[in-house]
Amino acid sequence: MNPCGESSCLSFALTLVWDKRENGEWQCTASWKTHSGSVWRVTWAHPEFGQVLASCSFDRTAAVWEEIVGESNDKQRGLSHWIKRTTLVDSRTSVTDVKFAPKHMGLMLATCSADGVVRIYEAPDVMNLSQWSLQHEISCKLSCSCISWNPSSSRAHPPMFAVGSDDSNVAYGGKVQIYEYNENTRKYSKAETLMTVTDAVHDIAFAPNLGRSFHVLAIATKDVRIFKLVPLRKESTAAGPTKFEVQIVAQFDNHNSQVWRVSWNITSTLLASSGDDGCVRLWKANYMENWKCTGILKGDGSPLTGSSGQPSAMNMVVGSSVQNSQNILNGMSAGS
């Protein structure tokens, strides 16, 4: 099952897929070797395109996998059967992240690599996942560690993605770059660099847009940061990418350690982050747009308890936040 149907996946040297049963328990339904090196990330395609996963690895490749439902031998009976549809071999170095584009763009896949190149592929026939064409190669000048598509489907917002870098070269400021598609040139060009982000970036996530005129971007670095990108009015005759007013709306160092993953819920009202402190922290904004921690969960999803053995007021997750946190954790499982 894909994320819309209560499922998650996790990668080591293998890729594993779990399905959530009716009794609420998770069962591993598939486990297979996907690459010849460490697997850094796995990601789901939108269920409109079937049961499809993509993975990327230290072995310099990305791969697309599809779940096959049907007869299997006795040893595999009852387990999902995943087959490799294609291997993408254009990178010369480790492929550090892979993300499917929003469904309104069609079946497209972006990869980023340690060689500083973002590559965007397209499957021209969604019924034939063995055929993918390389559409764009964008050089970011810095080693890339993570990538996120802007999910907005508004006609006012051209296709856009953000890429983060963990490059240790301090001579290059701005470890997050924003790229936007230009219909006239049919190419992606750099629209913005977040110059205030100078530490290694481990993860990056655009929030679901839901009709906003601006964009919200979460960044996992030595802390958690939330940025607002407000498009500046563009003259009708102006060429080039959109320019943005960049505002930092929140910054948290509560993990007291490196932050490795950030993930939004579907309504963009709740952000989850995970770090080296072994906890998932949940962040929510009030009506004044002031962000605060609304819950702290241990690795198994249970609330973190205080010295008294009872959850503290800050650590308790109440009401709908419990379900929201579980849904986010399901999404965060990929590649963590």
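Criteria and cut-off values
Residues numbered from 1 in each chain as written. Predicted model: local features only at pLDDT ≥ 70, side-chain atom pairs only at ≥ 80, totals over all residues. Heavy atoms only, no water. UniProt positions renumbered as here; feature names shortened; annotations may be inferred. Salt bridge = Lys/Arg side-chain N within 4 Å of Asp/Glu carboxyl O. Helix = DSSP H or I, 4+ residues; strand = E, 2+ residues; numbered from the N terminus. Pairing = 2+ DSSP bridges. Axes fitted to C-alpha atoms, helices over the stretch in contact; angles between N-to-C directions. Buried < 20%, exposed > 50% of the residue type's maximum accessible area, 1.4 Å probe, protein only. Contact = heavy atoms within 4.5 Å. Phe/Tyr/Trp six-rings, centres within 6.5 Å; stacked < 30°, edge-to-face > 60°. Lys NZ or Arg CZ within 6 Å of the ring centre and 35° of its normal.

The name given to the protein in an unreviewed UniProt entry is SEH1-like (S. cerevisiae), with Fundulus heteroclitus as the source organism. Per UniProt, the protein has the following entry under Sequence similarities (unreviewed entry): "Belongs to the WD repeat SEC13 family."

Draft legend 1. Spotlight on the pattern of salt bridges. As enumerated under the stated definition, the model contains 11 salt bridges in all. Between R41 and D203 there is a salt bridge; the shortest N-O distance is 3.2 Å. Here R41, found in strand 4 (residues 39-44), pairs with D203, found in strand 16 (residues 203-206); they are 162 residues apart in sequence, far enough to count as distant.

Draft legend 2. View of the sheet that holds strand 9 (residues 108-113). The strand order across the open sheet built from four strands is 8-9-10-11, with neighbouring strands paired in antiparallel fashion. Edge positions in the sheet fall to strand 8 (95-100) and strand 11 (133-139), since each of these pairs with one other strand and no more. Taken pair by pair, the neighbouring strands of this sheet meet at an average axis angle of 20°, ignoring direction. When strand 8 meets strand 9, the two strands line up antiparallel, connected through five bridges. The partner of V98 across the bridge, within strand 9, is T111.

Draft legend 3. Inspection of the environment of A123 at higher detail. Mapped onto the elements of the fold, A123 is located in the loop between strand 10 (117-122) and strand 11. When its relative accessible area of 4% is taken as the criterion, A123 is described as buried. Separated by 17 residues in the primary sequence, A123 and G106 place their C-alpha atoms 8.2 Å from one another. Those residues within four positions of A123 in sequence are excluded, and the remaining contacts are L107, Q131 and W132.

Draft legend 4. Examining unusual backbone geometry more closely. The residue K141 is not glycine, and still its phi comes out positive at about 70°. Positionally, K141 belongs in the loop between strand 11 and strand 12 (144-149). Of the residues examined, K141 reaches a relative accessible area of 66% and is grouped as exposed. The phi dihedral of S268 falls on the positive side, at around 60°, and the residue is not glycine. Mapped onto the elements, S268 comes out in the loop between strand 20 (259-264) and strand 21 (270-275). Residue S268 is classed as buried on the basis of its relative accessible area, which comes to 12%.

Draft legend 5. How the structure looks around the sheet that holds strand 15 (residues 187-194). The four strands are arranged 12-13-14-15 in an open sheet whose pairing can be described as antiparallel. The open sheet terminates on both sides in strands that have one partner only, identified here as strand 12 and strand 15. Neighbour-to-neighbour, the strand axes of this sheet turn through a mean angle of 25°, independent of strand direction. With five bridges joining them, strand 12 and strand 13 (residues 160-165) adopt antiparallel strand pairing. Considered in strand 13, the bridge of S148 is made with A162.

Draft legend 6. Representation of the packing of aromatic side chains. With the rule as written, the count across this model stands at 11 aromatic pairs. Here the aromatic rings of W32 and W82 are separated by 5.5 Å at their centres, their planes lie at 10°, and the arrangement is stacked. Of the two residues, W32 sits in strand 3 (residues 26-33) while W82 sits in strand 7 (residues 81-88), which places them 50 residues apart along the sequence. The burial state of W32 is the same as that of W82; both residues are buried. Pairing W149 with Y188 gives two aromatic rings, centres 6.5 Å apart and planes at 70°, and the pair type is edge-to-face. Of this pair, W149 sits in strand 12 while Y188 sits in strand 15, placing them 39 residues apart in sequence. Residues W149 and Y188 agree in their burial class; the two are buried. Feature note: the residues W149, F161, Y179, Y181 and Y188 constitute an aromatic cluster, connected by ring pairs. Across from the ring centre of F214, 4.5 Å away, lies the NZ or CZ of K228, which sits over that ring.

Draft legend 7. Here's a closer look at the UniProt feature "repeat: WD" (unreviewed entry) in the protein. In this numbering, the UniProt entry assigns the feature "repeat: WD" (unreviewed entry) to residues 252-284. Counting secondary structure, residues 252-284 comes out at 0% helix and 58% strand; the distance between its end C-alpha atoms is 12 Å.

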